[in-house]
Amino acid sequence: MPSDAPTPALLSHRVPDLGALELLLAVARHGSLGRAALDVGITQPAASSRIRSMERLLGVALLDRSPRGSRLTDAGALVTDWARRIVEAAEAFDAGAQALRDRRDSRLRVAASMTIAEYLLPGWLIALRAERPDTAVSLLAGNSAAVAGRLLVGEADLGFVEGLSIPEGLDGTVIAHDRLVVVVAPSHAWARRRTPLTPQELAATPLILRERGSGTRQVLDAALAVHGGLAQPLLELSSTTAVKGAAESGAGPCVLSELALGEELSSRRLVKIPVAGVRLRRQLRAVWPSGHRPTGPARDLLSLTRSNPSGD
């Protein structure tokens, strides 16, 4: 049941603000309202108005004003002593808050899926280093599911994932787009095809794949689900480099991010195979725990990903 007792007045309604208390202390130091106003960076009329407002709030006169200056009343001297303690406590509070910000800003823990960690983050982190040279950055690379897990248990401050949607428990924003492409070694029969693969052909072919939980695998599973689903994998490997190496050796076709294949395609160690009738495009996202918008270095890194986008 609700209490019949009166609700106490909020303390902030009965206590002058810090600016007014600092002005009163300046008057006590200088013995002049004009010099006090100059000290705190306001005009003398504004200082007079602030003192009068404080007197009305407290219900006592704080200053005796005369042509020779302004003198504290007995009540004003007592209020000034209290004000000094309040201002000193506020300064200690501010110093403590700054120490917390400095500790937060001294490090940044980033978790990123493999493609983003290898091909996008290095450039962003170099740019961040120029802006925040004193921030130590640690990078934890893994698949998109692992990134989400690290964020949810507090092991990372900001994450980057490649999956179809934002993982549960996280908020996020799209920072770039990417395509998945089918590639084979030049010796593979597909390298001599004159027509694009059909989705059904791709789905029915055993492929060299990233492991379940990777963003690449999630997108490929979803894209081919309506075409019969993926065949039993030829190989399942936990890194992009391993998948590329297996494909280059001629073991079979693979599907990887276009971002990860620039060197292999330009040197023709791998050949891109067109696929018709299926969308192999995905969004790359920055993510963080729900309700905890990035701050400090994490916020700055997020800003850099938006001003220096990569991918198509």
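In this report, the structure presented in the accompanying data block is examined. Small disclaimer: the values here were computed from a predicted structure and weren't measured.

Description of the packing of helix α1 (residues 18-30) against helix α3 (residues 44-58)
Packed helices, taken two at a time, are described by their axes: the angle between them and the distance between them.
At step 1: Contact geometry of α1 with α3 gives a least axis separation of 10 Å together with a crossing angle of 110°. Looking at the two axes, α1 sits roughly perpendicular to α3. Side by side, α1 and α3 meet where Gly-19, Ala-20, Leu-21, Leu-23 and Leu-24 of the first sit next to Ala-47, Arg-50, Ile-51 and Met-54 of the second.
At step 2: Residues that form the contact of α1 with α3 fall into these classes: seven nonpolar, one polar and one charged.

A short note on a nonpolar patch on the surface
At step 1: A contiguous nonpolar patch, built from Val-15, Leu-18 and Ile-86 and spanning about 210 Å² of accessible area, is present on the exposed surface.
At step 2: Positionally, Val-15 belongs in the segment before α1.

Focus on the environment of Val-15
At step 1: According to the relative accessible area criterion, Val-15 is partly exposed, its value standing at 30%.
At step 2: Along the chain, Val-15 and Ser-303 lie 288 residues apart, while their C-alpha atoms are 40 Å from each other.

With respect to the environment of Leu-261
At step 1: Note that Leu-261 resides in the loop between β9 (254-257) and α11 (262-266).
At step 2: For the pair formed by Leu-261 and Leu-209, sequence separation is 52 residues and the distance between their alpha carbons is 15 Å.
At step 3: The residues contacting Leu-261, other than those within four sequence positions of it, are Val-181, Val-183, Lys-244, Leu-256 and Leu-270.

Regarding the pattern of salt bridges
Two side chains with opposite charge may pair up if their charged atoms get near one another.
At step 1: With the rule as written, the count across this model stands at 20 salt bridges.
At step 2: As a salt-bridge pair, Glu-264 and Lys-244 come within 3.1 Å of each other at their nearest N and O atoms. In this pair, Glu-264 sits in helix α11 while Lys-244 sits in helix α10 (residues 240-248), placing the two residues 20 residues apart along the sequence. Considered together, Glu-264 and Lys-244 belong to a single accessibility category, that of buried residues.
At step 3: We note a salt bridge from Glu-264 to Arg-269, for which the minimum N-O separation is 3.5 Å.
At step 4: We classify Glu-264 as buried; its relative accessible area is 6%.
At step 5: A single network of salt bridges, built from pairs that share partners, joins Lys-244, Glu-248, Glu-263, Glu-264 and Arg-269.

Focus: the layout of surface pockets
At step 1: Roughly 180 Å³ of volume is contained in the second largest pocket.
At step 2: Contributing to the lining of the second largest pocket are Arg-179, Leu-180, Val-181, Val-182, Lys-272, Ile-273, Pro-274, Val-275, Val-278, Arg-279, Leu-280 and Arg-281.
At step 3: Counting residues per element, the lining of the second largest pocket draws most heavily on strand β6 (residues 170-184), which supplies four residues.
At step 4: Classifying every residue of the lining of the second largest pocket by side-chain character gives eight nonpolar, no polar and four charged.

Describing the packing of aromatic side chains
At step 1: According to the stated counting rule, one finds one aromatic pair in the structure shown.
At step 2: Measuring from ring centre to ring centre gives 5.6 Å for Trp-124 and Phe-160, while their planes differ by 40°; the resulting arrangement is tilted. With Trp-124 in helix α6 (residues 121-131) and Phe-160 in strand β5 (residues 158-161), the pair connects residues that are 36 residues apart, well separated along the chain.

Brief notes about unusual backbone geometry
At step 1: For Arg-268, which is not glycine, the phi torsion reads 60° and is therefore positive.
At step 2: Residue placement: Arg-268 occurs in the loop between α11 and β10 (271-273).
At step 3: Classification of Arg-268 by relative accessible area gives exposed; the value is 53%.

Topic: the packing of helix α2 (residues 33-40) against α3
At step 1: In the contact formed by α2 and α3, the axes pass within 8 Å of each other and the chain directions differ by 100°. Classified by the angle their axes make, α2 and α3 are roughly perpendicular. Between α2, through Leu-33, Gly-34 and Ala-37, and α3, the contact on the second element is made entirely by Gln-44, Ala-47, Ser-48 and Ile-51.

Some details on α1
At step 1: Helix length check: α1 (13 residues) gives 18 Å between terminal C-alpha atoms against 18 Å at 1.5 Å per residue, within 8%.
At step 2: Buried residues of α1: Ala-20, Leu-21, Leu-23, Leu-24, Leu-25, Ala-26 and Val-27, and no others.
At step 3: Among the residues of α1, the N-terminal cap falls to Asp-17, whose side-chain oxygen and the backbone nitrogen of Gly-19 are separated by 2.9 Å.
At step 4: Gly-31, located one to two residues past α1, shows a positive phi value of around 65°.

A closer look at the pairing of strand β11 (residues 281-289)
At step 1: In this sheet, β11 lies alongside β5 in antiparallel orientation, the contact comprising three bridges. If you follow Gly-159 over to β11, its bridge partner there is Val-287.
At step 2: Bridging between β6 and β11 involves nine bridges; their strand directions are antiparallel. Paired with Arg-179 across the bridge in β11 is Arg-281.

About the cut-offs
Residues numbered from 1 in each chain as written. Predicted model: local features only at pLDDT ≥ 70, side-chain atom pairs only at ≥ 80, totals over all residues. Heavy atoms only, no water. Axes fitted to C-alpha atoms, helices over the stretch in contact; angles between N-to-C directions. Helix = DSSP H or I, 4+ residues; strand = E, 2+ residues; numbered from the N terminus. Parallel < 35°, antiparallel > 145°, perpendicular 65-115°, else oblique. Contact = heavy atoms within 4.5 Å. Nonpolar A, V, L, I, M, F, W, Y, C, P; charged D, E, K, R; others polar. Patch = residues over 30% accessible without salt bridge, like charges linked within 9 Å, V, L, I, M, F, W, Y side chains within 5 Å. Areas by Shrake-Rupley, 256 points an atom, 1.4 Å probe, with all protein chains shown as cover. Salt bridge = Lys/Arg side-chain N within 4 Å of Asp/Glu carboxyl O. Buried < 20%, exposed > 50% of the residue type's maximum accessible area, 1.4 Å probe, protein only. 1 Å grid on protein atoms, 1.4 Å probe; cavity = no way out; pocket = protein on both sides within 12 Å on 5 of 7 lines; lining within 4 Å. Points joined across faces, edges and corners; volume = space filled by probe spheres on them. Phe/Tyr/Trp six-rings, centres within 6.5 Å; stacked < 30°, edge-to-face > 60°. Expected span 1.5 Å × (residues − 1). Polar contact = N/O pair within 3.5 Å; in protein donor to acceptor, adjacent residues only side chain to side chain. Pairing = 2+ DSSP bridges.

Functional significance is not addressed by these values, which are geometric in nature.
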